[in-house]
Structure formats: structure tokens, C-alpha cells
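Architecture at a glance
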Amino acid sequence: MGGRGVLGVVATATDGVETLRTGLVGPALALGWQVAVTLTPTAGRWLRANGELDLLETLTGLPVRDSPRLPAEPRPHPVADCYVVAPASAN
């Protein structure tokens, strides 16, 4: 675990999501957070298409979630100490 705890990042398909790795995840890791990324399904498609999803998984060492999980399925991420929703949209 990172020195500050686990940061859960939830990102949506809106302007700026393509900079999630460089603008939020990388800096959070540098500050000592362990980062677990969850994307909306559309954001997942966008980041998978440009290769960012794989880069996020490599950087964080955790799978990036972009689809729902059934209650009986195991959690792929540790329990978060703090959440950030970014980027977000009111659309």
C-alpha cells in the first residue's frame, strides 16, 4: 500500500479523461497514494482505444474497472480511503 492510503479514482467519458494518467494518477502515486481506477463503460472504451487503459493498469499495478461487478464477485481493488471523481460532467 502507498504511504498515504488508497485513492479511488472514478472517471467519466468527458473532456480531460485522456489525461487521467498524467494529470491525476501519476502525481497521486508520486505523493505516496496507491491508486485504484474505475471508469464508466464509455470512458473505458475511450481509454482502451487510445492505449491509456493498459498504461493505467501498468502504472497502478491494479486492473482498471470499467464494467459492473456482481455482489458475489471478488473486489479487484482494495478498499479506498478517499475518492476523487474526475473528470466529471453534468451531461
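The notes below deal with the structure included here.

Parameters at a glance
- Residues numbered from 1 in each chain as written.
- Predicted model: local features only at pLDDT ≥ 70, side-chain atom pairs only at ≥ 80, totals over all residues.
- Heavy atoms only, no water.
- Core = buried A, V, L, I, M, F, W, Y, C linked by side-chain atoms within 4.5 Å.
- Buried < 20%, exposed > 50% of the residue type's maximum accessible area, 1.4 Å probe, protein only.
- Helix = DSSP H or I, 4+ residues; strand = E, 2+ residues; numbered from the N terminus.
- Contact = heavy atoms within 4.5 Å.
- Salt bridge = Lys/Arg side-chain N within 4 Å of Asp/Glu carboxyl O.
- Polar contact = N/O pair within 3.5 Å; in protein donor to acceptor, adjacent residues only side chain to side chain.
- Axes fitted to C-alpha atoms, helices over the stretch in contact; angles between N-to-C directions.
- Parallel < 35°, antiparallel > 145°, perpendicular 65-115°, else oblique.
- Nonpolar A, V, L, I, M, F, W, Y, C, P; charged D, E, K, R; others polar.
- Arc of directions from axis to C-beta.

Membership of the largest hydrophobic core comes to 16 residues, with the highest contact counts inside it found for L20, V35, V37, L39 and L56. Elements with a minimum of two residues in this core: β1 (5–11), α1 (20–30), β2 (33–39), α2 (41–49) and α3 (52–60). Here this core takes four residues from β2, the largest share from any one element. Apart from the residues within four sequence positions on either side, L20 is in contact with V9, A11, V25, V37, L39, L56 and A86.

With that settled, the discussion passes to unusual backbone geometry. Cis geometry is found at the peptide bond from A86 to P87, where omega equals -10 degrees. Mapped onto the elements, P87 comes out in the segment after β3 (82–85).

Right, let's talk about the pattern of salt bridges for a bit. Applying the stated criterion across every chain yields a total of two salt bridges. Put simply, E52 and R21 hold a salt bridge, and the shortest N to O gap is 2.8 Å. Within this pair, whereas E52 is found in helix α3, its partner R21 is found in helix α1, the two being separated by 31 residues in sequence. Close ionic contact of D66 with R48 constitutes a salt bridge, the shortest N to O distance being 2.9 Å. Of the two residues, D66 sits in the loop between α3 and β3 while R48 sits in helix α2, which places them 18 residues apart along the sequence. By relative accessible area, D66 is classed as buried at 14%.

Judged by its relative accessible area of 10%, E52 is buried. Sequence spacing of E52 and D15 is 37 residues, and the spatial spacing of their C-alpha atoms is 15 Å. Excluding residues that lie within four positions of it along the chain, E52 makes contacts with E18, R21 and L47. Within the structure, E52 has its side chain in polar contact with the side chain of R21 (distance 2.8 Å).

Two numbers describe how α2 lies on α3: the axes approach to 5 Å, and their chain directions differ by 90 degrees. In terms of their interaxial angle, α2 and α3 are classed as roughly perpendicular. Residues G44, L47 and R48 of α2 lie in contact with α3, whose contacting residues are E52, L53 and L56. Class assignment for the residues of the contact of α2 with α3 results in three nonpolar, one polar and two charged.

Glancing now at α1. Every buried residue of α1 is accounted for by L20, V25 and A28. Seen along its axis, α1 keeps its buried residues to an arc of 65 degrees; they face one direction. Relative to its buried face, α1 has exposed residues pointing more than 90 degrees away, namely T22, G23 and A30. Those residues of α1 hidden inside the fold are in contact with β1, β2 and α3. One or two positions beyond α1, positive phi appears at G32, with a value near 100 degrees.

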